[in-house]
Amino acid sequence: LVAASGVGFAAMSTDRGEQFTEFYILTEDPETGELVAGDYPDEVGGEAKPVHVGIGNNEGETVEYTVVVLLQSFEGDQERTVQREWTLDTFSMTLQPGETRTEPHELDTYVTGNDLRVTYLRYEGSPPSDEPIGTETAYRHAHFWIDAPASETN
């Protein structure tokens, strides 16, 4: 009886593996058309640049994710601090356990400047309403740097 209950407890308390969520930004290779991690846009403005946001749900349950896209400008050379911040977009997707999805996202901005950081924040559920939206409150985040020059008018 003791041996049988010990085996039953071990079977019920067995770890089902690590639970996590994949989160990444991809671009399309112009030669092959395949999605790759790299070759991110380095200049945005005037026309939208396509990127692809990937999320893989390995949490073991259905999860609704919200992605917030921020554009940030910084001041200072060594210890950069956020000077200004703009929310460019927010979108959601619900994934079943084990599902991975890559969604296209058109990146564009009306903001101009150099050395701007595009940050994709991923939240489980909705972003917090009582805390600032940012890398400190996001479950995961990914970013790359761009320049957004003023458009030329003739």
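From a predicted model like this one, the values you see are computed outputs, not experimental measurements.

A. Local environment of the side chain of Thr66. One can find Thr66 in strand β4 (residues 63-75). Judged by relative accessible area, Thr66 falls into the buried class, the value being 4%. Discounting residues that sit within four places of it in the chain, Thr66 has contacts with Thr90, Phe91, Ser92, Leu121, Arg122, Tyr123, Gly125, Ser126 and Pro127.

B. Region of interest: the layout of surface pockets. Approximately 150 Å³ is the volume attributed to the largest pocket. Taken together, Thr27, Glu28, Pro30, Asp39, Tyr40, Pro41, Lys49 and Pro50 make up the lining of the largest pocket. Those elements that provide at least two residues to the lining of the largest pocket are β1 (20-28) and β3 (49-58). Each residue belonging to the lining of the largest pocket can be placed in one class, and the counts come to four nonpolar, one polar and three charged.

C. Representation of unusual backbone geometry in the model. One non-glycine residue, Asp39, adopts positive backbone phi at about 55 degrees. Structurally, Asp39 is set in the loop between β2 (35-36) and β3.

D. Main features of the pairing of β1. For β1 and β3, the ladder comprises seven bridges, and the chain directions are antiparallel. Residue pairing in the sheet places Leu26 in a bridge with His52 of β3. Sheet topology note: the β1/β2 ladder contains two bridges and is antiparallel. Within β2, the position partnered with Thr27 by the bridge is Val36. Hairpin remark: β1 followed by β2, antiparallel, with six residues in the connecting loop; positive phi at Gly33, about 80 degrees.

Quick notes on the rules
- Residues numbered from 1 in each chain as written.
- Predicted model: local features only at pLDDT ≥ 70, side-chain atom pairs only at ≥ 80, totals over all residues.
- Heavy atoms only, no water.
- Helix = DSSP H or I, 4+ residues; strand = E, 2+ residues; numbered from the N terminus.
- Buried < 20%, exposed > 50% of the residue type's maximum accessible area, 1.4 Å probe, protein only.
- Contact = heavy atoms within 4.5 Å.
- 1 Å grid on protein atoms, 1.4 Å probe; cavity = no way out; pocket = protein on both sides within 12 Å on 5 of 7 lines; lining within 4 Å.
- Points joined across faces, edges and corners; volume = space filled by probe spheres on them.
- Nonpolar A, V, L, I, M, F, W, Y, C, P; charged D, E, K, R; others polar.
- Pairing = 2+ DSSP bridges.

Without other data, these values stay purely geometric and don't point to any function.
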